[in-house]
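Here's the letter readout for the chains.
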Amino acid sequence: MQDDRRHIASAFDRDLEAIQALIMKMGGLVEASITEAAKALATRDEELAEEVRLNDKAIDELEERVNEEAARVIALRAPTAVDLRVILSVMKMSSALERIGDLSKNMAKRTGVLVQMPQINGSTTALKRMAREVEAMLKDALDAYIQRDAELAQDVIDRDGDVDQMYNALFREFLTFMMEDPRNITACMHLHFIAKNIERMGDHVTAIAEQVIFLRSGEVPGDRVKHDLITPDAGPEGSGGD
Amino acid sequence: MNDMRVIERDVDVTETKISARGVQVYYADNHAIKDVNVDIEDKTVTAFIGPSGCGKSTFLRCLNRMNDTIDICRVEGEIRLDGEDIYDPAVDPVQLRAKVGMVFQKPNPFPKSIYDNIAYGPRIHGLARNRAELDEIVERSLRRGAIWDEVKDRLDAPGTSLSGGQQQRLCIARAVATEPEVLLMDEPCSALDPIATSQVEELIDELRANYSVVIVTHSMQQAARVSQKTAFFHLGNLVEYGETGKIFTKPEDSRTESYITGRIG
């Protein structure tokens, strides 16, 4: 998982490998968290949702460890060039992964509320598909990181547009349900927040993929065009066309 | 990349002080410097880094013709100080070295009093007309060397009685006493403890306001801390020369990257 050239001080290599192993462990837990949260929602499994909420603690702890290790490497080894970029990237990635974990936990929390209500037809299948796409993107982003594969990372970044489109479609669907029958509003609001959570996860995965490109080139790719509906300065429908 | 330190000290000029073109150095058959081209800027600290034997000290010594003293050494190419060829036969190396001062790895005060260590250069170059003027030069130089407060009450004590760090600052004060325009430093901190090193590094940063400083160092962290420009030498070649922040975060050449990150190149 390291560059082909090794450090003269082999302990430096071990430090960098250890910290990247922590990120991968964190990535594995976050992937599982997304899958299980989506599954709990689709199968209305309250127990599994509760498990997802509890498992988030381990992700938070790993984030803290990554930051501690990164601080230690900076203090003891004064990393430069590509080594410095490894440290900077793991710090950003751990924070992105932690946020994804939180969003997944929030999804599980809303699932706990939703199972108490009558089911809204068809919507959870679309949400599950959306979550599966984000999870696949995360897996590819982590693979791209390990293999230092900037092309795969760029592919992940491009795929985030699909997730945004899925969110837009769901947004309209939930709006229709709510207009049809006001008794659907509470459930649809929860479902909408879940959709928004998954859309945000996609943005964090994109941030991880951007770190791979930064690691390779030293440049962070420029701002991409957002495709989701909600932008701060316009109403939901107002910016739908961009 | 913006270097905050340049802004901080407000000496943001990019005038070329020393310009080297096609410099080759041979020690007998050994080709030690291979076609080096570099423009060293005025009022800037330039660091030369590279593994042992890469030619960085050799090149530094070309800049004030210290290599003249080595019989088997042959220098080709052109080195210009303010546009004048320093290897022109009409140039007096002694005068040149008054303009291009040097500080060495080991502090080497003369076996004389602190006062005479500083006064020696100005005396032989006739920079002072009387004792009062000489006193003034000595005080000003010791102040620039950031050692005045520590030695002002014992100027008659031998220079060798000072601690290592003080001796090195004395040597820097001695080097600036002749009002040089360029200061060459060959591993000035390698014999000093971290506190003395910090003092010398702070001094180097202050000297930058008035001089062009060129420092050879084995400590990459030191190069990163004190310099605005860094040149990486490898096997007699100048591999990469550029803004220090860039060299240490995004070097262009893979050999530079291998060296600064401590990998086998």
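Residues numbered from 1 in each chain as written. Chains lettered and ligands numbered in written order. Predicted model: local features only at pLDDT ≥ 70, side-chain atom pairs only at ≥ 80, totals over all residues. Heavy atoms only, no water.

By the naming in an unreviewed UniProt entry, chain B is Phosphate ABC transporter ATP-binding protein, taken from Pseudaestuariivita atlantica. Under the UniProt heading Subcellular location (unreviewed entry), the entry covering chain B gives this text: "Cell inner membrane". (UniProt positions renumbered as here; feature names shortened; annotations may be inferred.)

Named according to an unreviewed UniProt entry, chain A is Phosphate-specific transport system accessory protein PhoU originating from Pseudaestuariivita atlantica. Note on chain A: under the UniProt heading Sequence similarities (unreviewed entry), the record states "Belongs to the PhoU family." One UniProt comment on chain A, placed under Subcellular location (unreviewed entry), says "Cytoplasm".

Help me understand the overall build of chain A in this model?
Helix and strand counts for chain A stand at 6 helices and 0 strands. Along chain A, from the amino end to the carboxyl end, the secondary structure elements read α-α-α-α-α-α. Rg of the C-alpha trace for chain A: 19 Å, near the compact-globule value of 18 Å for 242 residues, within the 12% margin. With the principal axes as the frame, chain A shows a C-alpha extent of 70 × 40 × 25 Å. Looking at chain A residue by residue over its 242 residues, the buried ones come to 50%. Summarising the internal contacts of chain A: among those between residues at least 6 apart in sequence, 81% fall at separations of at least 24. Entry remark: accessible area of chain A is about 11300 Å², with carbon and sulfur atoms responsible for 52%. In chain A, 30 positive and 45 negative side-chain charges are present, and the distance between their average locations comes to 3 Å. (Helix = DSSP H or I, 4+ residues; strand = E, 2+ residues; numbered from the N terminus. Rg over C-alpha atoms; globule rule 2.2 N^0.38 Å. Buried < 20%, exposed > 50% of the residue type's maximum accessible area, 1.4 Å probe, protein only. Contact = heavy atoms within 4.5 Å. Areas by Shrake-Rupley, 256 points an atom, 1.4 Å probe, with all protein chains shown as cover. Lys, Arg positive; Asp, Glu negative; His and termini not counted. Charge placed at Lys NZ, Arg CZ, Asp CG, Glu CD.)

Would you explain empty space enclosed by the protein in this entry?
Rolled over the atoms, a probe sized like a water molecule indicates the empty space that remains. Residues and elements named next belong to chain A. Enumeration over the complete set of coordinates arrives at 3 cavities of 30 Å³ or more. Its boundaries defined by the atoms lining it, the largest cavity holds a volume of some 90 Å³. Considering the residues around the largest cavity, the lining is formed by 13 residues, among which R44, L114, Q119, T124 and L191 are closest to the centre. Of all the secondary-structure elements, those providing two or more residues to the lining of the largest cavity are α3 (81-114), α4 (123-147) and α6 (185-217). In the lining of the largest cavity, the residues fall into 8 nonpolar, 4 polar and 1 charged. (1 Å grid on protein atoms, 1.4 Å probe; cavity = no way out; pocket = protein on both sides within 12 Å on 5 of 7 lines; lining within 4 Å. Points joined across faces, edges and corners; volume = space filled by probe spheres on them. Nonpolar A, V, L, I, M, F, W, Y, C, P; charged D, E, K, R; others polar.)

When you look at the UniProt feature "domain: PhoU" (unreviewed entry) in chain A in this model, what are you seeing that I'm missing?
Residue and element names in this part refer to chain A. The positions UniProt marks with the feature "domain: PhoU" (unreviewed entry) are residues 23-111 and 127-212. Taken end to end, residues 23-111 is 94% helix and 0% strand, and its first and last C-alpha atoms sit 28 Å apart. Overall, residues 127-212 shows 93% helix and 0% strand. The separation of its end C-alpha atoms is 28 Å.

Explanation requested: a nonpolar patch on the surface in the structure shown.
A surface patch of nonpolar side chains, about 230 Å² in accessible area, is lined by I185, M189 and F193 of chain A. Mapped onto the secondary structure, M189 of chain A falls in helix α6. (Patch = residues over 30% accessible without salt bridge, like charges linked within 9 Å, V, L, I, M, F, W, Y side chains within 5 Å. Salt bridge = Lys/Arg side-chain N within 4 Å of Asp/Glu carboxyl O.)

Where do I start with the pattern of salt bridges in this structure?
Note that side chains of opposite charge can pair when their charged atoms are close. Taken as a whole and judged by the stated rule, the model has 39 salt bridges over all chains. In this structure, K152 of chain B engages D149 of chain B in a salt bridge whose closest nitrogen and oxygen atoms are separated by 3.6 Å. What makes K152 of chain B partly exposed here is its relative accessible area of 37%. In this structure, E150 of chain B and R169 of chain B form a salt bridge, with 2.9 Å as the shortest nitrogen-oxygen distance. You can see E150 of chain B sitting in helix α6 (residues 148-151) and its partner R169 of chain B sitting in helix α7 (residues 164-177), a full 19 residues away along the chain. Given the relative accessible area of 3%, R169 of chain B is considered buried. Connected through salt bridges with shared partners, the residues D15, E69, R72 and R77 of chain A form a single ionic network.

Looking at this structure, I do not really get the state of the cysteines. What am I missing?
For the structure on display, the rule yields 0 disulfides over all chains. For C189 of chain B, which is in no disulfide, the shortest distance to another cysteine sulfur is to C171 of chain B and amounts to 12 Å. (Disulfide = S-S within 2.5 Å.)

Could you clarify how one ought to interpret the packing of aromatic side chains in this entry?
Aromatic rings in a pair are described by how distant their centres are and how their planes are angled relative to each other. Tallied over the entire structure, the rule returns 6 aromatic pairs over all chains. Centroid distance F48 of chain B to F59 of chain B: 5.7 Å. Interplanar angle 45 degrees. Geometry classified as tilted. Taken together, the residues F48 of chain B in strand β3 (residues 45-49) and F59 of chain B in helix α2 (residues 56-62) connect sequence positions 11 residues apart. The pair formed by F48 of chain B and F59 of chain B is uniform in burial state, with each residue classed as buried. Grouping aromatic residues by their ring pairs yields a cluster made of F48, F59 and F233 of chain B. Geometry around Y145 of chain A places R148 of chain A over its ring, the cationic atom sitting 5.0 Å from the centre. One Lys or Arg, R74 of chain B, reaches over the ring of Y26 of chain B and ends 4.4 Å from the middle of that ring. (Phe/Tyr/Trp six-rings, centres within 6.5 Å; stacked < 30°, edge-to-face > 60°. Lys NZ or Arg CZ within 6 Å of the ring centre and 35° of its normal.)

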